[in-house]
Amino acid sequence: MALNPGDSPGFLLWHATLRWQRDITAALGPLGLTHVQFVLLACAWWLNTHGEQPNQLDLARQAGTDVKMTSQVLRALEAKGLVGREVDAADTRAKRVNVTDAGAELAPRAIAAVESVDASFFQPVARDDALALLSRLAHPDS
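Residues numbered from 1 in each chain as written. Predicted model: local features only at pLDDT ≥ 70, side-chain atom pairs only at ≥ 80, totals over all residues. Heavy atoms only, no water.

## Some words on the overall build of the protein chain
A count of helical and extended segments in the protein chain gives six helices and two strands. In sequence order, the protein chain lays out its α and β elements as α-α-α-α-β-β-α-α. Overall, the protein chain is about 60 × 35 × 25 Å in size when its C-alpha atoms are taken along their principal axes. Within the protein chain, the fraction of its 142 residues that count as buried is 28%. Across the protein chain, contacts joining residues at least 24 apart in sequence account for 53% of those joining residues at least 6 apart. Positive and negative side-chain charges in the protein chain, numbering 13 and 16 respectively, have mean positions lying 6 Å apart. (Helix = DSSP H or I, 4+ residues; strand = E, 2+ residues; numbered from the N terminus. Buried < 20%, exposed > 50% of the residue type's maximum accessible area, 1.4 Å probe, protein only. Contact = heavy atoms within 4.5 Å. Lys, Arg positive; Asp, Glu negative; His and termini not counted. Charge placed at Lys NZ, Arg CZ, Asp CG, Glu CD.)

Printed below as a string of structure tokens:
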């Protein structure tokens, strides 16, 4: 039996995701970041501020991104002067990621912009309810 589009959770999720992505794109545009650039910069910044110097694989795992795409996006962030990459002395095949001073200045501003979008977007739903649902969807085996 076919569902009406408005009765399909996947279809509604698709539309909600599109609206959220448009809002995120609008918030990050003035900061000169794409959404994936933001995610990788924010993850690298967070890890760096917690005493970690991740390699590209660690960063991709933290962000939930493809390793090859992560490398390409880090190259773009490096060209913007927001991150630096250096060969890992313990494993010359790996590159360690460090947020630059410019990246460390931009990351919290970008996080605040995204958090503002999230607060507005998820406002119709209680925060704990949204976190519980999204955590279950993101990590169904937990």
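From this point on, the discussion continues.
## Details of the pairing of strand β2 (residues 91–99)
Where strand β1 (residues 83–88) meets β2, six bridges bridge the pair, whose relative direction is antiparallel. Residue pairing across strands places Asp88 opposite Asp91, the latter belonging to β2. In this antiparallel pair of consecutive strands, β1 and β2, the connection spans two residues. (Pairing = 2+ DSSP bridges.)

## With respect to the side chain of Asn55
As for its position among the elements, Asn55 is in the loop between α2 (35–49) and α3 (56–63). What makes Asn55 buried here is its relative accessible area of 15%. At a separation of 3.0 Å, a polar atom in the side chain of Asn55 contacts the main-chain amide nitrogen of Leu57. Setting aside residues up to four positions removed in sequence, Asn55 forms contacts with Ala94, Lys95, Arg96 and Val97. (Polar contact = N/O pair within 3.5 Å; in protein donor to acceptor, adjacent residues only side chain to side chain.)

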